[in-house]
Amino acid sequence: MTGDDAELIALVLAAGDQRAFATLVTRHQQAVRGLLMRLCRNHALADDLAQDTFVKAFNKISGYSGAGSFRAWLCRIAYNEFLMSARKRKSADRALERLQAEPHETSTQPGAPGARVDLDRALAELGEEERACVVMCFAGGLSHSEAADATGLPLGTVKSHVNRGRAKLKAWFERKEAAA
Amino acid sequence: MTMNDDAMAVEAADDAAFDAELSAMFQEAAPPAEDPVFTAHVVSQLGRTDRTRLLALGGAGATGSAVAGSQLESLISGPLQHLDGVLGQAAGFMGPEAIVTGLFAALALGVAWIIPKGRLTAI
């Protein structure tokens with residue numbers, strides 16, 4: 001099925017057209033999955049959240065006003081899903097810590113290629129909001145104002161998070177190169 | 001051009017080069033552009049919520065009707081005798097067609113309230 005996002009969204013709104021929505025999923029899955037993979041650093045969880053994101057988008061598509069891009073709207077849902085999941089995991093971790101003395105190990109994808117592992121390690125150096133802004137702009141391909149809409153942060157804050165995050169990443173890769 | 005301008009130009013070029021490098025790294029680490037398995041999995045989940053909702057509502061409605069139907073006679077046989085006169089008067093005042101129309105209107109309003117906006121066509 002072809003057509004631009006607006007036409008496909010109109011079909012989904014008018015008749016709950018699942019084929020039209022499947023085209024939207026195909027078109028935007030890389031951005032949404034890429035965003036969640038870099039935020040979660042756990043590929044299985046990221047894919048689960050990406051599926052939840054698209055199902056929620058289908059059910060709430062009447063809430064898309066058409067003011068920004070559809071991709072930015074999807075990224076906002078994805079970011080909210082990530083935040084909710086992170087909150088649940090934190091409370092689950094706290095409960096687990098009460099039962100276990102040893103610290104809980106966070107999982108990374110086994111056998112991931114070196115460049116990807118490097119990128120994830122470098123991103124781990126950033127604060128949560130810095131990481132979200134950098135990932136939305138570089139992995140999701142959003143503009144600063146779209147990232148501001150998606151995260152709910154002011155535009156100036158997003159710009160400074162992206163600049164500071166990029167500087168930290170640059171420093172991390174320079175340190176790594178010097179050490180090699 | 002001053003030395004300060006030169007330094008700023010070098011820094012800007014350096015930043016642009018790093019931006020390109022960073023974009024390439026994100027691109028390399030990104031999932032495939034199109035994954036039919038992922039799309040199929042999402043599509044298979046789309047109708048599930050509605051089906052579950054319909055089954056739950058239908059089941060609850062049917063159970064409620066069965067319970068109400070079994071209790072109706074014993075529950076209202078007494079008061080009904082007293083209501084007979086009132087209902088008779090209401091029927092005389094409104095007419096049976098008006099009462100049935102009112103009941104159907106209430107039913108339709110109930111359905112419209114339960115089923116979320118934008119899903120009527122999908123069902």
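For the structure, see preceding data.
Every value quoted in this text rests on a predicted model; they were computed, and no experiment measured them.

Q: So what's going on with the overall build of chain A? Which residues, and what values?
A: Within chain A, the secondary structure is distributed over 8 helices and 0 strands. Element order for chain A, N to C, with α for helix and β for strand: α-α-α-α-α-α-α-α. The buried share of chain A, taken over its 180 residues, is 46%. For chain A, the proportion of contacts with a sequence separation of at least 24, taken over those separated by at least 6, is 60%. Roughly 9,000 Å² of accessible area belongs to chain A as shown, and the carbon and sulfur atoms make up 51% of that amount.

Q: So what's going on with the interface of chain B and chain A? Which residues, and what values?
A: Opposite the 30 residues of chain B that make contact, chain A presents 34 residues. Of the roughly 3,000 Å² buried where chain B meets chain A, counting both sides, 63% is carbon and sulfur surface. Our count for the contact surface shared by chain B and chain A stands at 2 salt bridges. Between R33(A) and D35(B) there is a salt bridge, and its shortest N-O distance comes to 3.3 Å. Counting across the chain B and chain A interface gives 6 residue pairs in polar contact (both at pLDDT 80 or more). Among the elements of the structure, α1 (3-29) and α2 (36-46) of chain B are those that each provide at least two residues to the side of chain B that touches chain A. A per-element tally of the side of chain B that touches chain A places α1(B) first, with 11 residues. Its residues placed into classes, the side of chain B that touches chain A shows 14 nonpolar, 9 polar and 7 charged.

Q: Let's hear about a nonpolar patch on the surface: which residues, and what values?
A: A grouping of V100(B), F104(B), L107(B) and V111(B) is seen on the molecular surface, where their side chains present a nonpolar patch of about 380 Å² in accessible area. Residue class for L107(B) comes out exposed when judged on its relative accessible area of 55%.

Q: Can you explain the pattern of salt bridges? Please cite residues and give values.
A: Tallied over the entire structure, the rule returns 10 salt bridges over all chains. A salt bridge links E125(A) to R175(A); the nearest nitrogen and oxygen atoms lie 3.9 Å apart. Of this pair, E125(A) sits in the loop between α5 (114-124) and α6 (128-138) while R175(A) sits in helix α8 (residues 155-179); the two residues are 50 residues apart in sequence, bridging distant segments of the chain. E130(A) serves as the salt-bridge partner of K168(A), at 2.9 Å between the closest nitrogen and oxygen. Of this pair, K168(A) sits in helix α8 while E130(A) sits in helix α6; the two residues are 38 residues apart in sequence, bridging distant segments of the chain. The network of salt bridges with shared partners includes R33(A), D47(A) and D35(B).

So, how was this worked out
- Along every chain, residues carry numbers that run from 1 in the direction the sequence is written.
- Chain labels run from A onward and ligand labels from 1 onward, assigned in the order the entries are written.
- In keeping with the model being predicted, local features are shown solely for residues with a pLDDT of at least 70 and side-chain atom pairs are shown and tallied solely at 80 or more, while totals for entire chains, interfaces and linings include all residues.
- Excluded from the side-chain calculations are hydrogens and water; all other atoms, namely the structure's heavy atoms, are used.
- Starting at the N terminus, helices and strands are each numbered in turn, a helix being any DSSP run of H or I of at least four residues and a strand any DSSP run of E of at least two.
- Any residue under 20% of the maximum accessible area for its type is buried, any over 50% is exposed, and the rest in between are partly exposed; the area is computed with a 1.4 Å probe on protein chains only.
- A contact between two residues is defined here by any heavy atoms of the two lying within 4.5 Å.
- For accessible areas, the Shrake-Rupley method is used with a probe of radius 1.4 Å. Any residue's cover is judged against the shown protein chains and nothing else.
- Accessible-area loss on putting two parts together, using a 1.4 Å probe and summing over both, is the definition of buried area adopted here.
- The salt bridge definition used is simple: a Lys or Arg side-chain nitrogen within 4 Å of an Asp or Glu carboxyl oxygen.
- Under this definition, polar contacts are N or O atom pairs within 3.5 Å; protein pairs additionally need one hydrogen-donor-capable and one acceptor-capable atom, and for neighbouring residues in sequence, both atoms have to be side-chain atoms.
- Each residue gets one label: Ala, Val, Leu, Ile, Met, Phe, Trp, Tyr, Cys and Pro are nonpolar, Asp, Glu, Lys and Arg are charged, and the others, such as Gly, are polar.
- Candidates for patches are residues over 30% relative accessible area with no salt bridge; among them, like charges are joined within 9 Å and nonpolar side chains (Val, Leu, Ile, Met, Phe, Trp, Tyr) within 5 Å.

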